[in-house]
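# Commentary on secondary and tertiary structure
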Amino acid sequence: MDILKQDTERADEIIGERTPDEQKYDREVIRWMRKGKTVAKAIAKANEKYQTEALQIDDDNLADVQAHYEYLAEHDAINEKLDALNKMGLER
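Residues numbered from 1 in each chain as written. Predicted model: local features only at pLDDT ≥ 70, side-chain atom pairs only at ≥ 80, totals over all residues. Heavy atoms only, no water.

## Quick look at the packing of aromatic side chains
If you walk through the whole model with that rule in mind, you get zero aromatic pairs. We note lysine 35 situated over the ring of tryptophan 32; from NZ or CZ to the ring centre the distance is 4.8 Å. It is lysine 45 that lies over the ring of tryptophan 32; its NZ or CZ is 5.0 Å from the centre. (Phe/Tyr/Trp six-rings, centres within 6.5 Å; stacked < 30°, edge-to-face > 60°. Lys NZ or Arg CZ within 6 Å of the ring centre and 35° of its normal.)

Written out as structure tokens, the structure reads:
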């Protein structure tokens, strides 16, 4: 098994299965993070838009939620780069 496939499978395990609405929520959080918002502010913005998926964060879970979204944002950025390479004719 190649290293990229192993990494992708590991990332899928970490992220877990997400419903389409949860994926939209996650993308909204990442979008605000990329605009320079803190994770807490990005979640607040996503909560406004996707109220049924809204996360409640506090001091007890902020570090874990922040680590999750930072990982998810990095994973998303890697996938975007791989997709761009794939479009250029380079395989994954």
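There's more to say after this.
## Some details on the side chain of glutamate 28
Counting through the fold element by element, glutamate 28 comes out in helix H2 (residues 20-34). Other than its neighbours up to four places away in sequence, glutamate 28 contacts Ala46, Lys49 and Tyr50. (Helix = DSSP H or I, 4+ residues; strand = E, 2+ residues; numbered from the N terminus. Contact = heavy atoms within 4.5 Å.)

## Quick word on the environment of glutamate 9
Of note, glutamate 9 is situated in helix H1 (residues 3-15). Given a relative accessible area of 33%, glutamate 9 falls into the partly exposed group. (Buried < 20%, exposed > 50% of the residue type's maximum accessible area, 1.4 Å probe, protein only.)

## Digging into the packing of H2 against helix H3 (residues 39-49)
One can describe the packing of H2 onto H3 by two numbers: an axis separation of 8 Å at closest approach and a directional angle of 135°. Relative to H3, the element H2 lies oblique. As for the relative orientation of H2 and H3, their crossing is right-handed in sense. Note on element contacts: H3 touches H2 through Val39, Ala42, Ile43, Lys45, Ala46, Asn47 and Lys49, opposite Tyr25, Glu28, Val29, Trp32 and Met33. (Axes fitted to C-alpha atoms, helices over the stretch in contact; angles between N-to-C directions. Parallel < 35°, antiparallel > 145°, perpendicular 65-115°, else oblique. Left-handed = near helix turned anticlockwise from the far one by under 90°.)

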